[in-house]
Amino acid sequence: IGNTATVQTLLEERPLFQRLFNGGAYVTGLDGVVMATVPVSTKRIGVNFMNDENSGYLVEALKGNPAISRPFIGRLLKAPLFVLAVPIRDTHGKVIGALAGVIDLGKPNFLDKFTASKYGETGGHLLVAPQFRLIVTATDKGRIMAGLPAAGINASIDRFVQGYEGSATYVNALGVEILTSAKGVPVVGWFVATSLPTEEAFAPIREMQLRMLLATTLLALLACGLIWWLMWSMLKRQLSPMIAVTKQIEAQSRTNQTSQPLPITSEDEIGELIGGFNRLLETLGKREEALRESEHRWMFAIEGSGDGLW
């Protein structure tokens, strides 16, 4: 660890560091001063990161624990970034330094495999550091390093920050109602969230409801039509004797013939009605015959009278 040239060569001979960490990598001693870095153009050699307010990751690594920093604006890169750091130990296991890799969130990085893909047409993904109420990266690059609403403003976001894993519907800062699902990343204490506007999320359900409404309306109309047809057919069948009787009465009324009894075709209310009508016709017929006989007697008396009548 005391041979800075050897440490620098070891870093340069391992392109893996620059391939995985787009912001480069560096090695510090126990004092936090950088002794080797890749790429060299970052000009980190000699810089003491222990003096930074965001040096907690380095302090933790020099204590012997792997650590991930909070997202912050780098002093040298002037870009949003976070750092992964691990301790360097000697052959006896004693911590003698730290190795740190930098992720520049403003440039393409390994997290893009997650955030680059949209969810649906307008949805996207977020990687959130809840302990800092900070968005690490997102599908919408404009939200990188954006802060979450303060505690108490949005109850659903507060639940996610407190460790809730699941889904919730709420209105975001832009006034759009969204459906968000979250899952924790325990190794770093962050969580992944996927959001989608409810207008798009529930569109298939609304479309299904519309189809169900149309189908229900159509079936209701068909049912009404069928009921009307059945009722009309039933009424027509039930009233057909009455219609036939009506026509027969009308035909008899056009002639001078004596009214004949109407036919009874069914033993129901209509049959009873026609029977009653026939009895009425019979009574009227008897009265008419009696009047006719009385008229004949009077006519006979008038014609047989030689002196007249008074």
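Described in the following lines is the structure provided in the data block.

Counted by the stated rule, this structure contains five salt bridges. In this structure, Asp112 and Lys141 form a salt bridge, with 2.9 Å as the shortest nitrogen-oxygen distance. In this pair, Asp112 sits in helix H4 (residues 112–115) while Lys141 sits in the loop between strand S8 (134–138) and helix H5 (155–161), placing the two residues 29 residues apart along the sequence. Salt-bridge contacts for Asp158 lead to Arg133; the nearest nitrogen and oxygen are separated by 2.9 Å.

It is worth spelling out the nonpolar core at this point. The nonpolar side chains of a soluble globular protein tend to be buried, and buried together. Core analysis: the largest hydrophobic core is formed by 19 residues, its most contacted members being Leu11, Phe17, Phe82, Leu105, Val136 and Trp190. At three residues, strand S2 (residues 34–38) tops the list of elements feeding residues into this core. Apart from the residues within four sequence positions on either side, Phe17 is in contact with Leu11, Ala25, Val38 and Leu99.

Right, let's talk about a nonpolar patch on the surface for a bit. Side chains of Ile227, Met231, Met234, Leu235, Leu239 and Ile243 sit close together on the surface and give an oily, nonpolar patch of about 520 Å² of accessible area. When you line up the elements, Ile243 lands in helix H7 (residues 203–253). A residue is classified by how much of its surface remains accessible, and Ile243, at 44% relative accessible area, is partly exposed.

Below, the discussion takes up the layout of surface pockets. Counted as a void, the largest pocket has a volume near 680 Å³. If you go around the largest pocket, you meet 31 residues; those closest to its centre are Leu126, Arg143, Asn172, Ile178 and Ser195. Residue assignment for the lining of the largest pocket shows that the elements contributing at least two residues are strand S7 (124–129), S8, H5, strand S9 (166–171), strand S10 (177–185) and strand S11 (190–197). Sort the elements by how many residues they give to the lining of the largest pocket and S11 lands first, with five residues. Considered class by class, the residues forming the lining of the largest pocket number 19 nonpolar, 10 polar and two charged.

Under the criterion given, the structure shown has four aromatic pairs. Geometrically, the ring pair formed by Phe160 and Phe191 is tilted, given 6.3 Å between the ring centres and 40° between the ring planes. Here Phe160, found in helix H5, pairs with Phe191, found in strand S11; they are 31 residues apart in sequence, far enough to count as distant. Phe191 carries the same exposure label as Phe160, and that label is buried. One Lys or Arg, Arg159, reaches over the ring of Tyr164 and ends 3.8 Å from the middle of that ring.

Basis of the calculations
- Counting restarts for each chain: residues are numbered from 1 in the order of the written sequence.
- Where totals are concerned, whole chains, interfaces and linings use all residues; where local detail is concerned, this predicted model gives features only for residues with pLDDT of at least 70, and gives and counts side-chain atom pairs only at 80 or more.
- Only hydrogens and water are set aside; all other atoms, that is, all heavy atoms of the structure, feed into the side-chain values.
- By definition here, a salt bridge exists when the distance from a side-chain nitrogen of Lys or Arg to a carboxyl oxygen of Asp or Glu is within 4 Å.
- Where helices and strands are cited, they refer to DSSP runs of H or I of at least four residues and of E of at least two residues respectively, numbered from the N terminus.
- Definition used in this section: a nonpolar core is a set of buried Ala, Val, Leu, Ile, Met, Phe, Trp, Tyr and Cys residues joined via side-chain atoms within 4.5 Å.
- Only protein chains enter the area calculation, which uses a 1.4 Å probe; residues under 20% of their type maximum are buried, those over 50% are exposed, and those in between are partly exposed.
- Whether two residues are in contact is decided by their heavy atoms: any pair within 4.5 Å suffices.
- Surface patches are drawn from residues lacking salt bridges whose relative accessible area is over 30%; two like charges belong together within 9 Å, two nonpolar side chains (Val, Leu, Ile, Met, Phe, Trp, Tyr) within 5 Å.
- The protein chains shown are the only cover counted for residues, whose accessible areas, like all others here, come from Shrake-Rupley with a 1.4 Å probe.
- Definitions used for this entry: grid spacing 1 Å over protein atoms alone; cavity, a set of points where a 1.4 Å probe fits but cannot get out; pocket, an open set with protein on both sides within 12 Å along at least 5 of 7 lines; lining residue, one with an atom within 4 Å of a point.
- Grid points are joined across faces, edges and corners, and a volume is the space filled by probe spheres set on the points.
- In this classification, Asp, Glu, Lys and Arg are treated as charged, Ala, Val, Leu, Ile, Met, Phe, Trp, Tyr, Cys and Pro as nonpolar, and every other residue, Gly included, as polar.
- Only Phe, Tyr and Trp rings are paired, with Trp represented by its six-membered ring, and only when their centres lie within 6.5 Å; those with planes under 30 degrees apart are stacked, over 60 edge-to-face, the remainder tilted.
- A ring is scored as having a charge over it whenever the NZ atom of a lysine or the CZ atom of an arginine sits within 6 Å of its centre and within 35 degrees of its normal.

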